Amino acid sequence: MAPTIEELYPEYTLTSSIDKLRSEHYAHLDEKNHVYLDYTGSGLASAFQLTHSSVRLSSTLYGNPHSINPSSQASTNAIIATRLKVLQHLNTDAEEYEVIFTANATEAAKLVGESYAFTKGTKLVLTADNHNSINGLREFAGRKGSSTVYIPFSSPDMRINDEDFIKALSAARPGRKATLSTGINRLAKSLLGCQPWRRKTGDAAGREDGMKRCSTSNTNPNQDASCDNPALYKAFLRPSCQSSLVPPQSASTAPARPLEKTTRHGLFAYPAQSNFTGVRHPLAWVTYAQRQGYDVLLDAAAYLPTTRLDMSITKPEFLIISWYKLFGFPTGVGCLVVKKEALSRLVRPWFSGGTIQAVTVGVPWHLKARGAEGFEDGTVNFLGIPEVMFGLEWINAVGLQVIGLRVRCLTDWFLKRLAALRHSDRTPMARIYGPENMDMRGGTVAFNLLDSGGKVVDERLVGQESAAAGISLRTGCFCNPGAGEAAMGLTVASLRRLATATAQMRGMDDFVEVLGLPSAGAIRVSFGIASTSTDVDRFFEFVEKTYRDRVTTSEGLFPRESC
């Protein structure tokens, strides 16, 4: 008999409160016999959140906030309180940052792109691992004469090589040479007088003993060696392990050195966690890029549902968030958390209701509203925004440390079982994209299934058959073309074929045929606040029953519309 998750990961028992939570506040999952494995797509709202919302809305009158009447003031006060709650959750304050409410993370990124001071003398630097909402910034940069530089994938587990990161940023500063060892290590020492954590390699990574396998392996990409010890079995994550760059200032008497004033070379944008592979990119890149003269946009949408970001240490100019990714409700509310100094340099290409103090028609003049309101077009979602405050209270009451530990254990267990899947002739049943252990990764796993002939099972077939089995997972390319290209082994030369074939292409299936792809995408499984070991068992029962020793075809599947 295969060992249980508790036998393999003794620390998993520390998360037993989530099992009770699921039975009480996410009971609809089991009542409907539903396996939810798409937390990177959306968090799940608890019954408690929905009940709280109903009570709040039925007991308080809220109105358009642009007034001083009682209903307007109720909305205004709730919005102000939520802004402060967001800053508190991120461990920063209103002295340094503003919270701009948007419809989602995409709109937050668009605000930066359309307002940023791109010029012919600046660059937009992007990691190849980015959501399309970030890739789209290149259109704004290009219209203003800025070039876009991508930092490529360079390792089998689909990470971004640190030396490539250093090289991309240093290119704008002739005569300066930098390496990771001199750059990042010197940075950590100068900031807080401590050594950064170094990634382990080989089979020993994350496997020293059962207690450390999933509780210590990836809490912080830059944690120091003191975080790597069995004490985490009792304490989960000490504050030093929660930090986003290096241990907090209390760990050292050395004062933090302010960033040097440099000529700005442009904007560097990347995700704290990949929405495709779950890879967590080093948060130390933020401060390093700033020292090279770049503003930094950090996409935290996939990172924040299971991990706290400490913005007293990691201080990007721009941080984008979609709140439904964290706790499922409300939808249609995101935000841009922006340094006040950086906000003062953004120039909007237009104005609208809610973003101005005064405007005239007789002459082309207007006075922009100050602070966040100058970037919140029209009327903000005043009924939904207060739910963000309660959502944050909810996940903090559950415990982000507990959620994070549960997710790490389930993900590591899932990865091991996926890698071990075999047909009767011992050929593999799955191909994993990204790290196969918990070293510097989150709870998102991308893969394809292989049939008994070794052929990739069409992701559309998996989508249809998993849905019929009551399993919610994600199939496709997940709005991350760079990761998709790396996963499918596409080269620049092969992509150039699209230039000559575009006129004849009628849809996504033509795209697949031109590039000679075995499939148009992958399968993505992700874990979150209400995930249990039973969800994992149900998934593998479905896969083994449905695909072991089976030859599959794509006949009869619906056409692909997009990716």
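Residues numbered from 1 in each chain as written. Predicted model: local features only at pLDDT ≥ 70, side-chain atom pairs only at ≥ 80, totals over all residues. Heavy atoms only, no water.

### As for the packing of aromatic side chains
- All told, the structure shown has 20 aromatic pairs when counted by the stated rule.
- With a centroid separation of 4.9 Å and an interplanar angle of 20 degrees, the aromatic rings of Phe268 and Tyr270 are classed as stacked. Judged on exposure class, the residue Phe268 and its partner Tyr270 are both buried.
- Geometrically, the ring pair formed by Phe414 and Phe447 is tilted, given 6.0 Å between the ring centres and 55 degrees between the ring planes. With a gap of 33 residues between them, Phe414 in helix H18 (residues 400-420) and Phe447 in strand S12 (residues 444-449) connect regions that are remote in the sequence.
- The class of Phe447 is buried, set by a relative accessible area of 0%.
- The structure contains a cluster of three or more aromatic residues connected by ring pairs, namely Phe165, Phe268, Tyr270, Trp285 and Tyr288.
- Positioned above the aromatic ring of Phe478, the side-chain terminus of Arg524 is 4.8 Å from the ring centre. (Phe/Tyr/Trp six-rings, centres within 6.5 Å; stacked < 30°, edge-to-face > 60°. Buried < 20%, exposed > 50% of the residue type's maximum accessible area, 1.4 Å probe, protein only. Helix = DSSP H or I, 4+ residues; strand = E, 2+ residues; numbered from the N terminus. Lys NZ or Arg CZ within 6 Å of the ring centre and 35° of its normal.)

### Examining the pattern of salt bridges
- Evaluation of the coordinates by the stated rule reveals 24 salt bridges.
- In this structure, Asp295 and Arg264 form a salt bridge, with 3.4 Å as the shortest nitrogen-oxygen distance. Here Arg264 lies in the loop between helix H13 (239-242) and strand S5 (266-271) and Asp295 lies in strand S6 (residues 294-299), a separation of 31 residues in the sequence.
- The exposure class of Asp295 is buried, given its relative accessible area of 1%.
- If you follow the salt bridges from partner to partner, you end up with Lys110, Glu114, Arg348 and Asp377 in one network. (Salt bridge = Lys/Arg side-chain N within 4 Å of Asp/Glu carboxyl O.)

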